[in-house]
Amino acid sequence: MYDYTTIIALANTATLVTGGLVMLFAYRAFRRTGATPLRAVAIGFGFIVAGTVLGGIAHFAGDVALGIVVQSSFTAVGFAALLYSLYSEPPRTTTVTVGVSK
């Protein structure tokens, strides 16, 4: 097991950084547009990142099986949120043009 400790740490770090950035950008886009699918994307990646952190803590605490269960469970919930984001409808918007009289 100890042969893979560095690889696990690097993979979890890469997941944390890249997933965290996707989550941040999706959340910013949601705040800017109000599109609920973007909120679901942010939530989905949030679960994936949280599972990486919690699973990594369990791995390095010595309980590899618990780490795998935690990380896999959070990843599954995250992917369910991402799937929801693909099928949810964004809010309908209406564009209003206001003319200025001279």
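Residues numbered from 1 in each chain as written. Predicted model: local features only at pLDDT ≥ 70, side-chain atom pairs only at ≥ 80, totals over all residues. Heavy atoms only, no water.

Peer 1: Whenever I open this one, the packing of aromatic side chains confuses me. Can you help?
Peer 2: How two aromatic rings sit relative to each other is set out by the distance from centre to centre and by the angle between their planes. Inspection of every chain in the model, using the stated rule, returns two aromatic pairs. An angle of 45 degrees between the planes, with centres 6.3 Å apart, marks the rings of Y27 and F30 as tilted. Taken as a pair, Y27 and F30 lie in helix 1 (residues 5-33) at a separation of three residues, close to a single helical turn. Relative to F74, the ring of F47 lies with its centre 5.9 Å away and its plane at 40 degrees, an arrangement referred to as tilted. Here F47, found in helix 2 (residues 36-61), pairs with F74, found in helix 3 (residues 64-87); they are 27 residues apart in sequence, far enough to count as distant. Taking the relative accessible area as the measure of exposure, F74 reaches 26% and is therefore partly exposed. (Phe/Tyr/Trp six-rings, centres within 6.5 Å; stacked < 30°, edge-to-face > 60°. Helix = DSSP H or I, 4+ residues; strand = E, 2+ residues; numbered from the N terminus. Buried < 20%, exposed > 50% of the residue type's maximum accessible area, 1.4 Å probe, protein only.)

Peer 1: Got a minute to help me understand the confidence of the model for the protein in this structure?
Peer 2: One rule of thumb: low pLDDT means the predicted coordinates there are not for detailed reading. Across the protein, pLDDT averages 88, with 89% of residues at or above 70. Put simply, helix 1 is where the protein has its lowest mean pLDDT, 92, and helix 3 is where it has its highest, 94. (pLDDT = per-residue confidence, 0-100.)

Peer 1: How do you make sense of the side chain of N12 when you look at a structure like this?
Peer 2: For N12, the location among the structural elements is in helix 1. At 3.4 Å, the side chain of N12 forms a polar contact with the side chain of Q71. Excluding residues within four positions of it along the chain, N12 makes contact with T52, G56, H59 and Q71. (Polar contact = N/O pair within 3.5 Å; in protein donor to acceptor, adjacent residues only side chain to side chain. Contact = heavy atoms within 4.5 Å.)

Peer 1: Would you mind showing me how to read the environment of G67 here?
Peer 2: By the secondary structure assignment, G67 is in helix 3. Residue G67 is classed as buried on the basis of its relative accessible area of 0%. In sequence terms G67 and G51 are 16 residues apart; their C-alpha atoms lie 8.8 Å from each other. Leave out the neighbours within four places in its chain, and G67 touches G55, A58 and H59.

Peer 1: Help me out: how do you make sense of the nonpolar core in this one?
Peer 2: Nonpolar side chains in soluble globular proteins tend to be buried together. Judged by nonpolar contacts, A26, V41, A42, I48 and L82 together constitute the single largest core of five residues. Among the elements that line this core, the one with the most residues is helix 2, at three residues. Setting aside residues no more than four positions away along its own chain, A26 makes contact with L38, V41 and A42. (Core = buried A, V, L, I, M, F, W, Y, C linked by side-chain atoms within 4.5 Å.)

Peer 1: It is not clear to me how helix 2 should be interpreted in this structure. Could you clarify?
Peer 2: Structural remark: α-helix, 3.6 residues per turn; residues separated by three or four positions point the same way. Taking 1.5 Å per residue, 26 residues should reach 38 Å; helix 2 reaches 37 Å between its end C-alpha atoms and fits that length. Backbone geometry just after helix 2 places G62 at a positive phi near 110 degrees. (Expected span 1.5 Å × (residues − 1).)

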